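Given next are the chains, with one letter for each unit.
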Amino acid sequence: MSIKFQNVTKKFADVLVVDDLSLEINDGEFVVLLGPSGCGKTTTLRMLAGLETVTSGDIYVHGQRVNDVPTQQRDLAMVFQSYALYPHMSIAENIGYPLRVRKVGRDERENQVARVAKLLKIEQLLERKPRQLSGGERQRVALARAIVREPRAYLMDEPLSNLDARLRVQMRGELKRLQHELRTTTIYVTHDQAEAMTLASRVAVMNKGRLQQFDTPLNIYNHPSNRFVAEFVGSPSMNFIEGKIERGMFLSDAIRFPVAKPDASVSMGIRPEHVHVLTQPQDGTIPASVYVTELMGNETFVFLSVGNHRMIARAPADFRAEVESTVWLRLEPGKAHFFAKPTSTDYTE
Amino acid sequence: MRGRRKGIFQRGLVVVAPVAALVVALAPVYWMITISLKTEVDQFASPPKWFAFTPTLQHYYDAFVTRSFGQYLLTSAIVAVVSTACALTIGTAAAYALTRFRLPYGLERRLSLWILSTRMFPAIVTAVPLFLMMRDLRLLNTKASLIIVYTAFNLPFVVWMMRGFFAEVPRDLEEAALVDGDSRLGALVRVILPLVSPGLAATAVFCLIVSWNEFLFALVLTQTDAAMTLPVGIAGRVTQYEIKWGVMSAAGVVAMMPILVFALAMQRYLVRGLSLGAVKG
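Scoring rules and cut-offs
- Residues numbered from 1 in each chain as written.
- Chains lettered and ligands numbered in written order.
- Predicted model: local features only at pLDDT ≥ 70, side-chain atom pairs only at ≥ 80, totals over all residues.
- Helix = DSSP H or I, 4+ residues; strand = E, 2+ residues; numbered from the N terminus.
- Rg over C-alpha atoms; globule rule 2.2 N^0.38 Å.
- Contact = placed C-beta atoms within 7 Å.
- Expected span 1.5 Å × (residues − 1).
- Buried ≥ 20, exposed ≤ 12 C-beta atoms within 10 Å, placed from the backbone.
- Core = buried A, V, L, I, M, F, W, Y, C linked by C-beta atoms within 7 Å.
- Axes fitted to C-alpha atoms, helices over the stretch in contact; angles between N-to-C directions.
- Parallel < 35°, antiparallel > 145°, perpendicular 65-115°, else oblique.
- Pairing = 2+ DSSP bridges.
- Domains from an automatic or database assignment.
- Nonpolar A, V, L, I, M, F, W, Y, C, P; charged D, E, K, R; others polar.

Caption draft 1: Here's a closer look at the overall build of chain B. Regarding its fold elements, chain B presents 13 helices and zero strands. Along chain B, helices and strands appear, N-terminal first, in the series α-α-α-α-α-α-α-α-α-α-α-α-α. Whereas a compact globule of 281 residues would reach a radius of gyration of roughly 19 Å, chain B reaches 24 Å, over 25% beyond that. Once the C-alpha set of chain B is aligned to its principal axes, its extents read approximately 75 × 70 × 35 Å. The long-range fraction of contacts in chain B, counting pairs at least 24 apart against all pairs at least 6 apart in sequence, stands at 77%.

Caption draft 2: Representation of helix H4 (residues 135-147) of chain A. Residues and elements named next belong to chain A. For H4, with 13 residues, the first-to-last C-alpha span of 19 Å sits near the 18 Å given by 1.5 Å per residue. With ten of its 13 residues buried, H4 lies for the most part within the structure. The set of residues buried in H4 consists of Arg138, Gln139, Arg140, Val141, Ala142, Leu143, Ala144, Arg145, Ala146 and Ile147. Buried residues along H4 sit against strand S6 (76-79), helix H2 (91-100), helix H3 (106-119), strand S7 (153-157) and helix H5 (165-182).

Caption draft 3: Layout of the nonpolar core. Grouped together as the largest cluster of nonpolar side chains are 147 residues, with contacts concentrated most on Met78(A), Leu155(A) and Ala204(A). Looking at this core element by element, the count peaks at 13 residues for helix H7 (residues 143-168) of chain B.

Caption draft 4: Highlighting the packing of helix H3 (residues 58-66) of chain B against helix H12 (residues 245-265) of chain B. Residues and elements named next belong to chain B. H12 packs onto H3 with a crossing angle of 75° between their chain directions and a minimal axis gap of 8 Å. The pairing of H3 with H12 is recorded here as roughly perpendicular in orientation. Contacts from His59, Tyr60, Asp62 and Ala63 of H3 reach H12 at Gly246, Val247, Ser249, Ala250 and Ala251.

Caption draft 5: Layout of the sheet that holds strand S4 (residues 56-61) of chain A. All names here are of chain A. Pairing within the open sheet is antiparallel, and its four strands lie in the order S2-S1-S4-S5. At either end of the open sheet lies a strand with only one pairing partner, and these are strand S2 (15-25) and strand S5 (64-65). By the bridge criterion, two bridges tie S4 to S5 in an arrangement that is antiparallel. The residue of S5 that forms the bridge with Val61 is Gln64.

Caption draft 6: Geometry of the domain arrangement of chain B. Residue and element names in this part refer to chain B. For chain B, the assigned domains read domain 1 (2-43) and domain 2 (61-274). Taking the mean C-alpha position of each, domain 1 and domain 2 sit 32 Å from one another. At the junction of the two partners, domain 1 supplies six residues and domain 2 supplies six residues. Of all the elements in the fold, those that place two or more residues in the side of domain 1 that touches domain 2 are helix H1 (2-37) and helix H2 (40-43). Here the side of domain 1 that touches domain 2 takes four residues from H1, the largest share from any one element. When the residues that make up the side of domain 1 that touches domain 2 are grouped by side-chain class, the tally is three nonpolar, two polar and one charged.

Caption draft 7: Spotlight on the sheet that holds strand S9 (residues 202-207) of chain A. Residue and element names in this part refer to chain A. Ordered by their spatial adjacency, six strands build an open sheet running S6-S7-S8-S3-S9-S10, and the pairing between neighbours is mixed. Only two strands of the sheet have a single neighbouring strand rather than two, namely S6 and strand S10 (210-215). Each strand of the sheet is rotated relative to its neighbour by a mean of 15°, with strand direction disregarded. The strands touched by H4 within the sheet are S6 and S7, with S6 carrying the most contacts at an inclination of about 175°.

Printed below as a string of structure tokens:
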């Protein structure tokens, strides 16, 4: 079902948590709300679930205004960060709970529970209690409880954040596959930009209660609409060099290259993969000194000092350089982003 | 050598201290039980007959067959059970509301303190006003008067105990229940109450003990055999002419039993209830 936030604002006492949020989510979309902690993404999700009231603005589910509809009548399913499994119930009872409160008969309930248990490969756990399960298993049970019925949308609040790294990547893939099969609108909250990039059909980046950009993962990555988005998405983070544009040249203390832009005081941003490290000087390369290198196995992150700036570059796995040795950088000028100061709206596009 | 002596001393203390505590705590109980089984001659024997006496059940017969202690026992049971049930129902609902809802003007905090403050003055202060109220309501010498008073008396305790237990239950759980489609009341009954049941049991035991043992209000509000509770009935055997030690002890032993049995049955919950939240489970 489609979901729409229209000028939604949420205040806790005098603190503005969500500021004039407008967002339209299409039927069947997988939308990730991405942002640092305290950016209002979880509050947004909770308002949609009806667990928080809306201070002003409207929320629509499938065209129906739901501001005053109580949680239990919104017909949404939610996966909590803590999983929120009912500790005194067996796994089967946990999964069957949404059906039980809907007065679904025992036989039908057992069939449905068995069906989703099979789908999530937890058939052998049905008789156990939540405390006897590992984190990954609990996560599956929480998912099973959400998908046992056919809600209008799934809401997920950092569902993978309590899992270890390996399991998180595995569950991420399974979530994506599951949503592909179920084709139910999903809204997923996370602060992990890797999850956002891999799962989302569209990502809504939020900061300090405001929506920063709402676009496909690729567009978010390649065309960040402001410096916050540019900095938050991507790992390692984008490099920023303060400088100015004067008569068709970007100028900073150590770096200069031609750009077709009007004169302005700007921050130039460039991603680590667009900074190439060379051991010999070439035309138009910039000297830099190696601060430290981090071998990742499949590639090497090179931390550099360029004038007064720090930069990070991605280099091949076999790249070797001594600390404090001099190297030369070639930037891809076409990949640079320019953010005007102080309003920080992008001005490449 | 010194180390070993110290070891023996410490190990000795580990045994002696609890035994001493037990003797001190149980001696009056032992004395009461033996008196209830002794003839009146043996009761006053000097030196006292600790173990060697011919037991008799005469006092139990006197108390529960010739006198109306059976009646008192029934009254006590009804009053204690009904008032505990009332206090738990009202108090649990109030505690849930006070922990889970934000009221305007921080009322949830203020109300909790007001509720607690009703326990901050000596109970006897309310004895006369309560007597007058019950007289005007024509409730003197009724079980209802005691049920009302005990419920009121236990309520603050229930509210504060249960507030603590509710606060221990993660909010996520009932939110999950709401999202899953359950009503507030349904979530309370199906999810929250089962989780606080150890707390409920512990609170119930305390309410029962308080109501069962209560003497002051029962004395003020009931004077007839039909409405009298056990503690008042027992105390009534102290008259200006004689003190029926045997009958009193026999009734005391019987009065002790239900609480003892109940507390033992609830022991598992009592320990869990009182230490709930001490260790994350």
